[in-house]
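Summary of structural features
Each chain is listed here by its residues.
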Amino acid sequence: MGKRIEDTVLDALFREARTYSKWQPRPVDDQTLRDLYELLKWAPTSANTGPARFVFLRSKEAKERLRPALAPLNVEKTMTAPVTVIVAYDLKFYEQLPKLFPHSPGMAALFASNAELVEATAKRNSSLQGAYLIMAARALGLDCGPMSGFDPAKVDEEFFAAGKPCFGCDQEFFPEGHVKVNFLCNLGHGDPSALHPRLPRLPFNEACSLL
Ligand SMILES: Cc1cc2nc3c(=O)[nH]c(=O)nc-3n(C[C@H](O)[C@H](O)[C@H](O)COP(=O)(O)O)c2cc1C
């Protein structure tokens, strides 16, 4: 606490980490995926809502279910990745608040009566949790390839449709299902020989202001 971490760690998390499209033929075991969640779950979300839900696609069959939803440029990199994560959000996240935010019993009712607040909270915090997943994966020695090039309606229909078993919830009374995809992220050990030169980033003065 209060101590800056080593530069080698900052390199691994930020400066030298890249987005990968080609993968080494090295598997990622289920324990690593559990370790990944056990790390990312500690990062903050508003009112400790934790609305993100993660579906890890490891088998060929699971990947084939995703294929029709993928943009053409994302098919090969996804089908060859050891794991693809569907980073999703649960629009009924507030049902977990008695457990996750027990000192404020009114919080669940506040969300239950405000669909706009639910959607904004679910999207904002699941995006954050997706970013935490990327950083946790890098910390565990994995590489990532996040993607927004896909048809969300197709992903939602295939994996989260009403009536389908989903995170132990009964979706019967939520006409379109209550879990929605945010983005996809390939995971594995990247092949650095396929990387293109790194793109620039905005310098401090163009992206930040000091008031
Ligand atoms: C939310 C998100 C969506 C992305 N969508 C795609 C995508 O659909 N296809 C793709 O090839 N790359 C996609 N990317 C990869 C970005 O283009 C890449 O991360 C960025 O250019 C930085 O590359 P670098 O990490 O190698 O520096 C996406 C990245 C993020 C974070």
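A short tour of the structure in this document, coming up. Owing to the predicted nature of the structure, the values given are computational and were not obtained by experimental measurement.

Cut-offs applied
- Residues numbered from 1 in each chain as written.
- Predicted model: local features only at pLDDT ≥ 70, side-chain atom pairs only at ≥ 80, totals over all residues.
- Heavy atoms only, no water.
- Helix = DSSP H or I, 4+ residues; strand = E, 2+ residues; numbered from the N terminus.
- Rg over C-alpha atoms; globule rule 2.2 N^0.38 Å.
- Buried < 20%, exposed > 50% of the residue type's maximum accessible area, 1.4 Å probe, protein only.
- Contact = heavy atoms within 4.5 Å.
- Areas by Shrake-Rupley, 256 points an atom, 1.4 Å probe, with all protein chains shown as cover.
- Lys, Arg positive; Asp, Glu negative; His and termini not counted.
- Charge placed at Lys NZ, Arg CZ, Asp CG, Glu CD.
- Near = heavy atom within 4 Å.
- Polar contact = N/O pair within 3.5 Å; in protein donor to acceptor, adjacent residues only side chain to side chain.
- Nonpolar A, V, L, I, M, F, W, Y, C, P; charged D, E, K, R; others polar.
- Phe/Tyr/Trp six-rings, centres within 6.5 Å; stacked < 30°, edge-to-face > 60°.
- Core = buried A, V, L, I, M, F, W, Y, C linked by side-chain atoms within 4.5 Å.
- Pairing = 2+ DSSP bridges.
- Expected span 1.5 Å × (residues − 1).
- Disulfide = S-S within 2.5 Å.

1. Some words on the overall build of the protein chain
Summing up its helical and strand segments, the protein chain has 9 helices and 4 strands in all. Against the compact-globule benchmark of 17 Å for 211 residues, the protein chain has a radius of gyration of 18 Å, which places it among compact chains. In terms of its C-alpha atoms, the protein chain occupies a principal-axis envelope of roughly 50 × 50 × 35 Å. Considering the protein chain as a whole, with its 211 residues, one finds that 40% of them fall into the buried category. Across the protein chain, the fraction of contacts at a sequence separation of at least 24, relative to all contacts at a separation of at least 6, is 78%. Here the protein chain displays about 12,600 Å² of accessible surface, and carbon together with sulfur accounts for 58% of that area. Here the protein chain carries 25 positive and 25 negative side-chain charges, and the mean point of each set is 3 Å from the other.

2. Topic: unusual backbone geometry
The phi torsion at Ala47 lies on the positive side, around 50°, for a residue other than glycine. Of note, Ala47 is situated in the loop between helix 2 (30-40) and strand 1 (52-57). Located in the positive-phi region is Asn48, a residue other than glycine, with phi close to 55°. Taking relative accessible area as the criterion, Asn48 reaches 40% and is therefore assigned partly exposed.

3. Observations regarding the site of the ligand
If you check the shell around the ligand, you find Arg18, Thr19, Asn74, Lys77, Pro146, Met147, Ser148, Gly149, Arg198, Leu199 and Arg201 and nothing else. For the ligand, an oxygen atom lies 2.7 Å from a polar atom in the side chain of Arg18. Within the backbone of Pro146, one N or O atom sits 3.2 Å away from a nitrogen atom of the ligand. Burial of the ligand by the protein chains amounts to 62% of its free accessible area of 640 Å². Breaking the shell around the ligand down by element, the ones donating at least two residues are helix 4 (72-80) and strand 3 (143-147). Classifying every residue of the shell around the ligand by side-chain character gives 3 nonpolar, 4 polar and 4 charged.

4. Details of the packing of aromatic side chains
The way to describe two aromatic rings as a pair is by their centre distance and the angle between their planes. One pass over the structure, following the stated rule, counts 5 aromatic pairs. For the ring pair Tyr20 and Trp23, a centre distance of 6.5 Å and an interplane angle of 45° mean the geometry is tilted. Look at Phe93 and Tyr94: their rings are 5.9 Å apart centre to centre, the planes differ by 75°, and that puts the pair in the edge-to-face class. Accessibility assignment for this pair places Phe93 and Tyr94 in one class, buried. Counting every residue linked through ring pairs, the aromatic cluster contains Phe93, Tyr94 and Phe111.

5. Observations regarding the nonpolar core
Judged by nonpolar contacts, the single largest core of 19 residues is most densely connected at Leu36, Leu40, Phe54, Leu133, Cys185 and Leu187. Breaking this core down by element, the ones donating at least two residues are helix 2, strand 1, strand 2 (83-90), helix 7 (115-139) and strand 4 (179-188). It is helix 7 that contributes the most residues to this core, 5 residues altogether. Ignoring any residue separated from it by four or fewer positions in sequence, one finds Leu40 in contact with Phe54, Gln129, Tyr132, Leu133 and Ala136.

6. Description of the pairing of strand 3
Buried residues dominate strand 3, accounting for 4 of its 5 residues. One ladder, built from 5 bridges, connects strand 3 with strand 4; its direction is antiparallel. Residue Cys144 lies in a different strand from strand 4, and its bridge partner there is Leu187.

7. Side note on the environment of Leu40
Inspection of the secondary structure assignment puts Leu40 in helix 2. Separated by 93 residues in sequence, Leu40 and Leu133 have C-alpha atoms that sit 5.7 Å apart.

8. Looking at the side chain of Ser126
Tracing the chain through its elements places Ser126 in helix 7. Within the local environment of Ser126, its side chain forms a polar contact with the backbone oxygen of Lys123, the two atoms lying 3.4 Å apart.

9. Comments concerning helix 7
Under the 1.5 Å per step criterion, the end-to-end length of helix 7 is 36 Å for 25 residues, consistent within 8% with the ideal 36 Å. In the stretch just after helix 7, Gly141 is the one whose phi turns positive, near 90°.

10. Structural notes on the state of the cysteines
A covalent bond between the sulfur atoms of two cysteines is referred to as a disulfide. Considering all chains together, one arrives at 0 disulfides under this definition. Here Cys185 is not cross-linked by a disulfide; its sulfur's nearest cysteine counterpart is in Cys144, at 4.2 Å.

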